[in-house]
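# An overview of the molecular structure
Listed below, chain by chain, are the residues.
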Amino acid sequence: ILKETQSFMTFLEQKNYDKILEMSHPALTEKFEKQMMIDGFKMIFEGNDQFSMKLNPIADSAYKVSDVYKDGNSQYAFVSFPMNMEMTFKNQKFDADSKKMMVNMMEVQGMKAEFVNDFTLNISKLALTVALKDQSTNYQWKYINHEENNPFYTTIVPVEIIKNAKSYYSDLLLKQKENAN
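This is a predicted model, so every value here is computed, not measured. Residue positions are counted from 1 within each chain, in the order its sequence is given. In view of the model being predicted, local features appear only for residues whose pLDDT reaches at least 70, and side-chain atom pairs are presented and counted only at 80 or more, with totals across whole chains, interfaces and linings using the full set of residues. Note that the side-chain values use all heavy atoms of the structure and ignore hydrogens as well as water.

So, about helix 7 (residues 159-180). For helix 7, built from 22 residues, the straight-helix expectation of 32 Å at 1.5 Å per residue is met to within 8% by its first-to-last C-alpha distance of 32 Å. Listed as buried for helix 7 are Ile161, Ile162, Ala165, Tyr168, Tyr169 and Leu172. The buried residues of helix 7 all sit within an arc of 130 degrees when viewed along its axis, so they share a single face. Every exposed residue of helix 7 that faces more than 90 degrees away from the buried side is listed here: Val159, Lys163, Leu174, Lys177 and Glu178. Against the buried residues of helix 7 lie strand 2 (64-65), strand 3 (69-71), strand 4 (74-89), strand 6 (120-133) and helix 6 (151-156). Secondary structure follows DSSP: runs of H or I at least 4 residues long count as helices, runs of E at least 2 residues long count as strands, and numbering of each begins at the N terminus. One less than the number of residues in a helix, times 1.5 Å, gives the span that helix is expected to have. The buried label goes to any residue with under 20% of its type's maximum accessible area, the exposed label to any with over 50%, and the partly exposed label to all in between, with areas taken from a 1.4 Å probe on protein chains only. Note: the arc covers the axis-to-C-beta directions of the helix. Here, two residues are considered to be in contact whenever any of their heavy atoms come within 4.5 Å of each other.

Right, let's talk about the pairing of strand 1 (residues 51-55) for a bit. Judged by which residues are buried, strand 1 turns out to be one-sided: Phe51, Met53 and Leu55 face inward and are buried, whereas Ser52 and Lys54, on the alternate face, are not. In this sheet, strand 4 lies alongside strand 1 in antiparallel orientation, the contact comprising five bridges. Across the sheet, Leu55 pairs through a bridge with Met85, a residue of strand 4. By the convention used here, strands pair only if DSSP detects at least 2 bridges between them.

By convention, a stacked pair of Phe, Tyr or Trp rings (six-membered ring in the case of Trp) has centres within 6.5 Å and planes under 30 degrees apart, an edge-to-face pair has planes over 60 apart, and any other such pair is tilted. In this structure the tally under the stated criterion is nine aromatic pairs. Both rings, one in Tyr69 and one in Tyr76, keep their centres 5.4 Å apart while their planes meet at 35 degrees; by these two values the pair is tilted. Judged by relative accessible area, which is 30%, Tyr69 ranks as partly exposed. We classify Tyr76 as buried; its relative accessible area is 3%. Counting every residue linked through ring pairs, the aromatic cluster contains Tyr69, Tyr76, Phe78 and Tyr168.

With that out of the way, let us pick up the layout of surface pockets. Once rolled over the atoms, a probe with the size of a water molecule shows which space is left empty. The space that makes up the largest pocket amounts to roughly 1,400 Å³. Two kinds of site are reported from a 1 Å grid over the protein atoms alone, namely cavities, where a 1.4 Å probe fits but cannot get out, and pockets, open sets with protein on both sides within 12 Å along at least five of seven lines, and residues are called lining when an atom falls within 4 Å of a point. In terms of lining residues, the largest pocket is bounded by 44 residues, among which Lys125, Asn145, His146, Glu147 and Asn150 are the most central. Of all the elements in the fold, those that place two or more residues in the lining of the largest pocket are helix 1 (2-13), helix 4 (34-45), strand 1, strand 4, strand 6, strand 7 (142-145), helix 6 and helix 7. The leading source of residues in the lining of the largest pocket is strand 6, at seven residues. One number sums up the size of the second largest pocket: a volume of about 270 Å³. Lining the second largest pocket are 13 residues, and of these Gly110, Lys112, Leu126, Leu173 and Gln176 lie nearest its centre. Grid points are joined across faces, edges and corners, and a volume is the space filled by probe spheres set on the points.

Once that is clear, we can look at the environment of Gln92. For Gln92, the position within the fold is in the loop between strand 4 and helix 5 (96-108). Accessibility expressed as a relative area gives 37% for Gln92, which makes it partly exposed. Between the C-alpha atom of Gln92 and that of Lys34, which follows or precedes it by 58 residues, the distance is 32 Å. Apart from the residues within four sequence positions on either side, Gln92 is in contact with Asp118 and Phe119.

Over its twelve residues, helix 4 extends 16 Å from the first C-alpha to the last, a length consistent with the 16 Å expected when each residue adds 1.5 Å. Those residues of helix 4 that sit buried are Met37, Ile38, Phe41 and Phe45. Taken down its axis, helix 4 places every buried residue within 100 degrees of arc, on the same side. Buried residues along helix 4 sit against helix 1, helix 2 (17-23), helix 3 (27-31) and strand 1. Of the residues flanking the end of helix 4, it is Gly47, one or two places downstream, whose phi is positive at about 95 degrees.

Put into structure tokens, the structure is as follows:
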């Protein structure tokens, strides 16, 4: 699970979207056409008229994997890692007030944000991915980001696993906050 998650993020850094989709939970490509997903990745990570995003490399030692849990015929685990990316705006220069507003918007979404210059925002957060192995994944480990406010996520992942992921993630955030103080 650890090596696969590291590979997943490396594929994302390399913009190898086919490999990312192979490793993702199959419900993604069942609900959305593969090319549509790839086009979405390209728009985010290769840029558009408005902005471009660059995912910064993650040290192998930064990934943390939980125990593997069982729930009926399902096995699952959680992988946490510090995600860090730069978002560069192409047509917008931020002054002090707009920088403050943008940083605050990111913070209420659980991210730390800091402007590198008037055009580039560095964003970081502790990310959590659910590794799932069950009938829907053909009993192979597949991955989906833990996003409890995303209706698509909640339709794919069984309720008990969502509850456990939420609890696991909350505990990680509390530990992170305690360590910061």
